[in-house]
Amino acid sequence: MHILIAGGGIGGLVLALMLQDAGIACTVLEAAQDIRPLGVGINLLPHAVRELQSLHLLPALDATGIRTRRLTYANHRGQEIWSEPRGLYAGHEAPQFSIHRGRLQTLLWTAAHDRLGPDALRPGHRLTGIAQDADRVTAYLTRGDGSTITLQGDALIGVDGIHSWLRAHLHPDQPGLRWNGISMWRGATDWAAYDGGDAMVVAGDMTVKLVLYPIGPGSTPAHRLTNWVIYARVADPQTPTPDRQNWSRPGQYDAVRPLAERLALPFIDITALIRATPEIYEYPMCDRDPLPWWTQGRVTLLGDAAHPMYPVGSNGASQAIVDARCLVTALQTRPVPAALRAYDAQRLPATAAIVQSNRTGGPERIIDLAAARAPDGFGHIHDIATPAELADIAQGYARLAGFAVSPGSPS
Ligand SMILES: Cc1cc2nc3c(=O)[nH]c(=O)nc-3n(C[C@H](O)[C@H](O)[C@H](O)COP(=O)(O)OP(=O)(O)OC[C@H]3O[C@@H](n4cnc5c(N)ncnc54)[C@H](O)[C@@H]3O)c2cc1C
């Protein structure tokens, strides 16, 4: 069996490593000519890290990222609404990692290069066409110099990201990107560690939200590479997307400064952090409607190509990894078309539910609840919200996304 993988991002590379581990040959076809460490911070939730652990990648993750110990939701003044341990600290079998997306891609690319051999990784090969019959699928590829080649395989998996060519080919009538009118500014810079150097904080009110977490070692043991995201509504929901969603579009400090100034967190000067950040990115919070199906014969979709979602709840990369495990398990036990259908039947409804939940704020609804009841702050959170309703939001989301441990209680 030989599997063609279109896209050498997080999902495509993890899929390749899992296939190799299962003794199934594959080739990764990546449009970019050079693999550069693009992006800022992402989180890998424990159910995804467990899969990376099974691929013996834990030492590389430890050398690159941060084992996340705690997640705290707070209001715009930094008052704690909800706080919970994460990863091993919450009783999971595997840690949660906060990590630089580009460095994660680089470490996966290096591992795939070492384990599959250089011929299995084809940078500069963009998927531009497909054909299939009962026995084979053919991928048409355009190379960086404009030349074209074809490759054949038993299956083709489209892991080609939020702007997936394969998704558009399979579903030409689907609407485009959905923008909810929210703009996100983000960056990462070397900064003094707060709260032990391994804590994630989501803070804000109805107007602005901040997501803050360390993603790697800093310039000294007391510093961390610290990732921040600030987001706010800048247009009505359903306004057409102003610009093609571009992960690398530069953002301006002056645009984000007034938003940062609404936040007064006692343990960090957010405005100073942002001012010190060398490169700020801005992009619209976009997703796509869940699809009715992903699979057609010997072809299917995986990761952002299948289910792009708003980046609330730290799920984009993790769900791609869970997809990959499901697909490889199916390929180990069924003929190709049946395996792809079984994967689709299991993962499409599960991820569609997360896409929908993220549209209503996902776990960050906990902040909206506190802001609606006490816009200027509160004495104690239990004066305005019961532990049960807070747990319902936080743990309900973890159950939906497949990484709940057991019912806990707020600290
Ligand atoms: C440059 C970049 C920066 C990102 N930065 C962040 C970030 O800072 N924070 C965050 O939360 N998420 C970021 N993401 C998205 C994040 O990686 C995904 O949400 C998640 O990891 C799921 O991974 P994926 O493999 O499905 O998609 P991606 O990681 O997006 O990978 C898709 C891959 O497919 C390749 N590709 C696209 N079209 C074709 C084609 N026709 N043929 C072959 N290959 C193709 C792309 O070059 C890319 O390498 C970024 C993605 C990219 C591409």
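One can find the structure itself at the top, above this paragraph.
Here is a short report on the structure shown in this document. (Residues numbered from 1 in each chain as written. Predicted model: local features only at pLDDT ≥ 70, side-chain atom pairs only at ≥ 80, totals over all residues. Heavy atoms only, no water.)

## Quick notes on helix α9 (residues 336-359)
For step 1, the next point in the chain: For α9, spanning 24 residues, the distance from its first C-alpha to its last is 33 Å, which sits close to the expected 34 Å at 1.5 Å a residue.
For step 2, the next point in the chain: Largest kink in α9: about 25°, centred on R347, with the proline P349 one to four residues after it.
For step 3, the next point in the chain: At the C-terminal side of α9, G361 shows a positive phi close to 105°. (Helix = DSSP H or I, 4+ residues; strand = E, 2+ residues; numbered from the N terminus. Expected span 1.5 Å × (residues − 1). Bend = angle between axes of the 7 residues up to and from the residue.)

## Considering the layout of surface pockets
For step 1, the next point in the chain: Each pocket or cavity is described by its volume, and for the second largest pocket that value is around 370 Å³.
For step 2, the next point in the chain: Forming the boundary of the second largest pocket are 23 residues, of which N180, I182, R233, R359 and G361 lie nearest the centre.
For step 3, the next point in the chain: Mapped by element, the contributors of at least two residues to the lining of the second largest pocket are β13 (178-192), β15 (208-217), β16 (223-233) and α9.
For step 4, the next point in the chain: A breakdown of the residues in the lining of the second largest pocket according to their chemical character gives nine nonpolar, six polar and eight charged. (1 Å grid on protein atoms, 1.4 Å probe; cavity = no way out; pocket = protein on both sides within 12 Å on 5 of 7 lines; lining within 4 Å. Points joined across faces, edges and corners; volume = space filled by probe spheres on them. Nonpolar A, V, L, I, M, F, W, Y, C, P; charged D, E, K, R; others polar.)

## Let's talk about the nonpolar core
For step 1, the next point in the chain: Core analysis: the largest hydrophobic core is formed by 71 residues, its most contacted members being L15, L44 and L61.
For step 2, the next point in the chain: When residues in this core are grouped by element, the largest group, nine residues, is from helix α8 (residues 316-333).
For step 3, the next point in the chain: Those residues within four positions of L44 in sequence are excluded, and the remaining contacts are V49, L52, L61, P95, Q96, F97, I99, L104, A317, S318 and I321.
For step 4, the next point in the chain: I182, A188, M200 and I393 belong to the second-largest nonpolar core, a separate cluster that totals 34 residues. (Core = buried A, V, L, I, M, F, W, Y, C linked by side-chain atoms within 4.5 Å. Buried < 20%, exposed > 50% of the residue type's maximum accessible area, 1.4 Å probe, protein only. Contact = heavy atoms within 4.5 Å.)

## Some remarks on the packing of helix α2 (residues 46-54) against α8
For step 1, the next point in the chain: Where α2 contacts α8, the axes come no closer than 8 Å and their chain directions differ by 55°. In terms of orientation, α2 and α8 fall into the oblique class. Between α2 and α8 lies a crossing of left-handed hand. Contacts from H47, A48, E51, L52 and S54 in α2 reach S318, Q319, I321, V322 and R325 in α8.
For step 2, the next point in the chain: Partitioned by chemical class, the residues of the contact of α2 with α8 number four nonpolar, four polar and two charged. (Axes fitted to C-alpha atoms, helices over the stretch in contact; angles between N-to-C directions. Parallel < 35°, antiparallel > 145°, perpendicular 65-115°, else oblique. Left-handed = near helix turned anticlockwise from the far one by under 90°.)

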